[in-house]
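Listed below, chain by chain, are the residues.
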Amino acid sequence: MATAETSHGPVIAAAIAFLVGIAGGYAINEIVSSSQVTDLEREIVRLKDEAQRKTRTGAPSDEEASAAIAKSGRSMRISECKPRQAVPGVTCTGMITTTTGSFTGASQPGVLSFAKIDGTWAQIQSEGDEE
C-alpha cells in the first residue's frame, strides 16, 4: 500500500524564489538610490559653482538688486550677471516684477545694470537698460 508522501519541493522552490525576488528588489532599489544620490551630488556641485561665479563677478543678490530698484516699484530675481566691458559694474538678466501700482505682480524678463557705489548696489543706466 502506497502512502501519500508530501513533497516539499514546490514550497522550497517558492521560498527560494521569494527570497531571490526580495534580494533582487533590494539591489534594484539600491542602484536607483545610488543614481539619485549621484544626480543630487552633481546638482550641488553645479549650484556651488554658480554661487561662486556670482561672488567672483561681484554680482548683487536678488535682495540687493531689488533694493536698488525699489524706488521704481520693482523687484528682480536674477538669473545671471556678467561683468560690464567698458565700465565698472555688472549687467544682470532675470525676472523683473512690479511691486506697486496697477500692474502689481506683473513679471517680465529684463536686463538691468548695477554697480557697487560706497558699498551699496545701485542701478546704473546703460544702453539697452529699460527703465
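Throughout this document, residue positions are counted from 1 along each chain, in the order its sequence is written. Only residues with pLDDT of at least 70 get local features here, since the model is predicted, and only at 80 or more are side-chain atom pairs given and counted; chain-wide, interface and lining totals rely on the full set of residues. Note that the side-chain values use all heavy atoms of the structure and ignore hydrogens as well as water.

S.K.: With reference to specific residues and values, describe the sheet that holds strand β4 (residues 120-124).
M.R.: Working definition: the strands of a sheet are paired by backbone hydrogen bonds and lie parallel or antiparallel to each other. Paired strands, in this sense, are two strands between which DSSP finds at least two bridges. Counting from the N terminus, the helices are the DSSP runs of H or I reaching at least four residues and the strands are the DSSP runs of E reaching at least two. Ordered in space as β1-β2-β3-β4, the 4 strands form an open sheet in which the pairing is antiparallel. A strand with exactly one partner marks an edge of an open sheet, and here the two such strands are β1 (74-83) and β4. Direction aside, neighbouring strands of the sheet carry axes that sit 40° apart on average. Relative to β4, strand β3 (residues 107-117) is paired through 5 bridges, and the arrangement is antiparallel. Opposite K116, over in β4, you have W121 as the bridge partner. Only heavy atoms enter the contact rule, under which two residues are in contact if any of them lie within 4.5 Å. Every angle, taken between N-to-C directions, lies between 0 and 180 degrees, and every axis is a line fitted to C-alpha atoms, over only the stretch in contact when it is a helix. Along the sheet, helix α2 (residues 62-69) makes contact with β1, β3 and β4, crossing β1 at roughly 120°.

S.K.: Could you give me a rundown of the state of the cysteines, with the residues and numbers involved?
M.R.: In what follows, a disulfide is any cysteine sulfur pair within 2.5 Å. What the rule picks out here adds up to 1 disulfide. Sulfur-sulfur distance for the disulfide between C81 and C92 comes to 2.0 Å. Taking the sign of the S-S torsion, 105° for the link of C81 and C92, the bridge is right-handed. Of this pair, C81 sits in strand β1 while C92 is found in strand β2 (residues 90-98), placing the two residues 11 residues apart along the sequence. We call a residue buried when its accessible area falls under 20% of the maximum for its residue type, exposed when it is over 50%, and partly exposed in between, using a 1.4 Å probe and counting protein chains only. Residue C81 is classed as buried on the basis of its relative accessible area, which comes to 11%.

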